[in-house]
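Descriptive structure summary
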Amino acid sequence: MVLVDACMGSTALRRGVETEQSPTLKLLMQRKQVAMIGAIRREVLAGGRSVEQYSRLRFELSQIPDQAVETADFELAPLF
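Residues numbered from 1 in each chain as written. Predicted model: local features only at pLDDT ≥ 70, side-chain atom pairs only at ≥ 80, totals over all residues. Heavy atoms only, no water.

Brief notes about the overall build of the protein chain
Within the protein chain one finds five helices and two strands. Reading the protein chain from its N end, one meets helices and strands in the order β-α-α-β-α-α-α. With the C-alpha coordinates of the protein chain rotated into their principal frame, the extents come out at 40 × 25 × 20 Å. In the protein chain, which comprises 80 residues, the proportion classed as buried is 31%. The long-range fraction of contacts in the protein chain, counting pairs at least 24 apart against all pairs at least 6 apart in sequence, stands at 69%. Here the protein chain contributes 10 positive and 10 negative side-chain charges, whose respective centroids are spaced 8 Å apart. (Helix = DSSP H or I, 4+ residues; strand = E, 2+ residues; numbered from the N terminus. Buried < 20%, exposed > 50% of the residue type's maximum accessible area, 1.4 Å probe, protein only. Contact = heavy atoms within 4.5 Å. Lys, Arg positive; Asp, Glu negative; His and termini not counted. Charge placed at Lys NZ, Arg CZ, Asp CG, Glu CD.)

Looking at the pattern of salt bridges
Using the criterion set out here, one finds two salt bridges in the structure. The partner of Asp-66 in a salt bridge is Arg-41, and the shortest N-O contact between them spans 2.9 Å. With Asp-66 in the loop between α4 (51-61) and α5 (71-76) and Arg-41 in helix α3 (residues 38-46), this residue pair connects regions lying 25 residues apart in the sequence. Classification of Asp-66 by relative accessible area gives exposed; the value is 52%. Across the pair Glu-60 and Arg-56 runs a salt bridge, and its minimum N-O distance is 2.6 Å. One end of the pair is Glu-60 and the other is Arg-56, both in helix α4 and four residues apart, which spans about a single turn. Given the relative accessible area of 21%, Glu-60 is considered partly exposed. Relative accessible area serves as the criterion here: at 35%, Arg-56 is assigned to the partly exposed category. (Salt bridge = Lys/Arg side-chain N within 4 Å of Asp/Glu carboxyl O.)

Quick look at the nonpolar core
By size, the foremost hydrophobic cluster in this structure holds 16 residues, and its most contacted members are Val-4, Leu-25, Val-34, Met-36, Ile-40, Leu-61 and Ile-64. Going through the elements one at a time, α1 (6-14), α2 (22-30), α3 and α4 are the ones with two or more residues in this core. Not counting residues within four places of it along the chain, the set of residues in contact with Met-36 comprises Leu-3, Val-4, Arg-41, Leu-61, Ile-64, Pro-65, Asp-66 and Gln-67. (Core = buried A, V, L, I, M, F, W, Y, C linked by side-chain atoms within 4.5 Å.)

Observations regarding unusual backbone geometry
If you check the backbone angles, Lys-32 has positive phi at about 60° while not being a glycine. The residue Lys-32 is located in the loop between α2 and β2 (34-35) in this model.

The following block contains the structure:
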């Protein structure tokens, strides 16, 4: 499972920019091997500049499941 961050979500989905990582992200999405935390989902959606863009982003992001975040996740993250 790969956790999508705001930068990748923003670039690949919101801006539609092809980056070096875009094919990998698309493949992982097709294989249902990506997840996103709610705060990142909100950040990507907030960048929509029109109702149409927001709606498209919301649809695309609906295909990525939410990953629950617990306090322990924040406490352990600095150790990696």
